[in-house]
Amino acid sequence: SQQGEEDPQALSIQEGENATMNCSYKTSINNLQWYRQNSGRGLVHLILIRSNEREKHSGRLRVTLDTSKKSSSLLITASRAADTASYFCATDPSTTSGTYKYIFGTGTRLKVLA
Amino acid sequence: DAGVTQSPTHLIKTRGQQVTLRCSPISGHKSVSWYQQVLGQGPQFIFQYYEKEERGRGNFPDRFSARQFPNYSSELNVNALLLGDSALYLCASSIQGYGELFFGEGSRLTVL
């Protein structure tokens, strides 16, 4: 089952605009990651934020994490046509089992228009 | 350095057949995980292996099995294929099993 739910499911913006997508999850986590997937290909890691962090930046990406609300957001600033892709959040549920069973959300399909 | 490689990239099978998918992790990575991605959905966890031991299994039937070899490469086997097994099968490697996952391009399986 999917732990994360991304919102919106699809987003269409103009080049240069900012894109914000949100992720909600259900259980306590060790960390949360964001991945990008281009048209049915492999996923590419974007950023990881640990449960004790609230905000993290990487280039044009800004991620926030609110563990009290069990939610995260990914902001892409000054978007480019090359940012067109599906974006997934992945959570690492807190567990003592030694299994790192990343649970992916349903994804946000971002389309950046040139 | 080579990334995660998967083979075959595409394959077509008929119901009831068996399939074996292969994955070579990034050099130095000891953990391999397998995910199934049905069209329009996010990847779903199938297995994780670390140091040749199964560390976790997702909610998949026993028709799904996997193993990891001494060189850390891995195979995913699916028996008695069903139409619903049609999906992109993704392999991901990581150094120790947690943190950033490095994905291959996937094996797209179509079951007719």
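Data block above holds the structure.
Procedures and definitions
Residues numbered from 1 in each chain as written. Chains lettered and ligands numbered in written order. Predicted model: local features only at pLDDT ≥ 70, side-chain atom pairs only at ≥ 80, totals over all residues. Heavy atoms only, no water. Helix = DSSP H or I, 4+ residues; strand = E, 2+ residues; numbered from the N terminus. Rg over C-alpha atoms; globule rule 2.2 N^0.38 Å. Buried < 20%, exposed > 50% of the residue type's maximum accessible area, 1.4 Å probe, protein only. Contact = heavy atoms within 4.5 Å. Buried area = accessible area lost by both parts, 1.4 Å probe. Salt bridge = Lys/Arg side-chain N within 4 Å of Asp/Glu carboxyl O. Polar contact = N/O pair within 3.5 Å; in protein donor to acceptor, adjacent residues only side chain to side chain. Nonpolar A, V, L, I, M, F, W, Y, C, P; charged D, E, K, R; others polar. Phe/Tyr/Trp six-rings, centres within 6.5 Å; stacked < 30°, edge-to-face > 60°. Pairing = 2+ DSSP bridges. Axes fitted to C-alpha atoms, helices over the stretch in contact; angles between N-to-C directions. Lys, Arg positive; Asp, Glu negative; His and termini not counted.

1. What to know about the overall build of chain A
Stage number 1. When helices and strands are counted, chain A shows 0 helices and 11 strands.
Stage number 2. Each helix and strand of chain A, placed in order from N terminus to C terminus, yields the pattern β-β-β-β-β-β-β-β-β-β-β.
Stage number 3. Radius of gyration (C-alpha) of chain A: 14 Å, near the 13 Å computed for a compact globule of 114 residues.
Stage number 4. Considering only C-alpha atoms, chain A reaches an extent of 45 × 30 × 20 Å along its principal axes.
Stage number 5. Taking all 114 residues of chain A together, the buried fraction comes to 45%.
Stage number 6. Residue pairs in contact within chain A that sit at least 24 positions apart in sequence constitute 56% of those at least 6 positions apart.

2. A look at the overall build of chain B
Stage number 1. Across its full length, chain B holds 0 helices and 11 strands.
Stage number 2. The C-alpha radius of gyration computed for chain B amounts to 13 Å, which stays within 12% of the reference 13 Å derived for 112 residues, consistent with globular compactness.
Stage number 3. Overall, the C-alpha framework of chain B stretches about 40 × 25 × 25 Å when taken along its three principal axes.
Stage number 4. Taking as baseline every contact in chain B between residues at least 6 positions apart, the subset at least 24 positions apart corresponds to 52%.

3. Details of the interface of chain A and chain B
Stage number 1. With 20 residues of chain A in contact, the opposing surface of chain B contributes 22 residues.
Stage number 2. Regarding the contact of chain A and chain B, the summed buried area is about 1800 Å², with carbon and sulfur atoms giving 50% of it.
Stage number 3. Looking only at chain A, the three residues that lose the most surface to chain B are A:Leu43, A:Tyr100 and A:Tyr102, adding up to 29% of its buried area.
Stage number 4. At the junction of chain A and chain B, the tally comes to 1 salt bridge.
Stage number 5. Across the pair A:Arg41 and B:Glu105 runs a salt bridge, and its minimum N-O distance is 3.1 Å.
Stage number 6. The interface formed by chain A and chain B includes 7 residue pairs in polar contact (both at pLDDT 80 or more).
Stage number 7. Mapped by element, the contributors of at least two residues to the side of chain A that touches chain B are β4 (29-37) and β5 (43-50) of chain A.
Stage number 8. Among the residues making up the side of chain A that touches chain B, the classes are represented as 7 nonpolar, 11 polar and 2 charged.

4. Describing the packing of aromatic side chains
Stage number 1. Per the stated rule, a full pass over the model turns up 8 aromatic pairs over all chains.
Stage number 2. Their ring planes at 75° and their centres at 6.1 Å tell us that A:Phe104 and B:Phe103 sit as a pair that is edge-to-face. Of this pair, A:Phe104 sits in strand β10 (residues 103-104) while B:Phe103 is found in strand β10 (residues 102-103), placing the two residues in two different chains.
Stage number 3. Judged by its relative accessible area of 1%, A:Phe104 falls in the buried class.
Stage number 4. By relative accessible area, which is 10% here, B:Phe103 ends up buried.
Stage number 5. One aromatic cluster in this structure is built from A:Tyr35, A:Phe104, B:Tyr35, B:Phe45 and B:Phe103.

5. Structural notes on the sheet that holds strand β1 (residues 5-7) of chain A
Residues and elements named next belong to chain A.
Stage number 1. Taking strand neighbours across the sheet as the criterion, the 5 strands line up as β1-β3-β8-β7-β6 in an open arrangement whose pairing is antiparallel. Two strands lie at the open edges of the sheet, namely β1 and β6 (55-58), each paired on one side alone. Here the strands of the sheet are splayed against their neighbours by 15° on average, with no regard to which way each runs.

6. Brief notes about the side chain of A:Glu6
Residue and element names in this part refer to chain A.
Stage number 1. Within the secondary structure, Glu 6 sits in strand β1.
Stage number 2. Despite its burial, Glu 6 remains without a salt bridge, the nearest opposite charge being carried by Arg 109 at 9.9 Å.
Stage number 3. Of the polar contacts made by the side chain of Glu 6, one reaches the backbone nitrogen of Cys 89; its length is 2.5 Å.
Stage number 4. A polar atom in the side chain of Glu 6 sits 2.7 Å from the backbone nitrogen of Gly 107.
Stage number 5. Discounting residues that sit within four places of it in the chain, Glu 6 has contacts with Asn 22, Cys 23, Trp 34, Tyr 87, Phe 88, Cys 89, Gly 105, Thr 106, Gly 107 and Thr 108.

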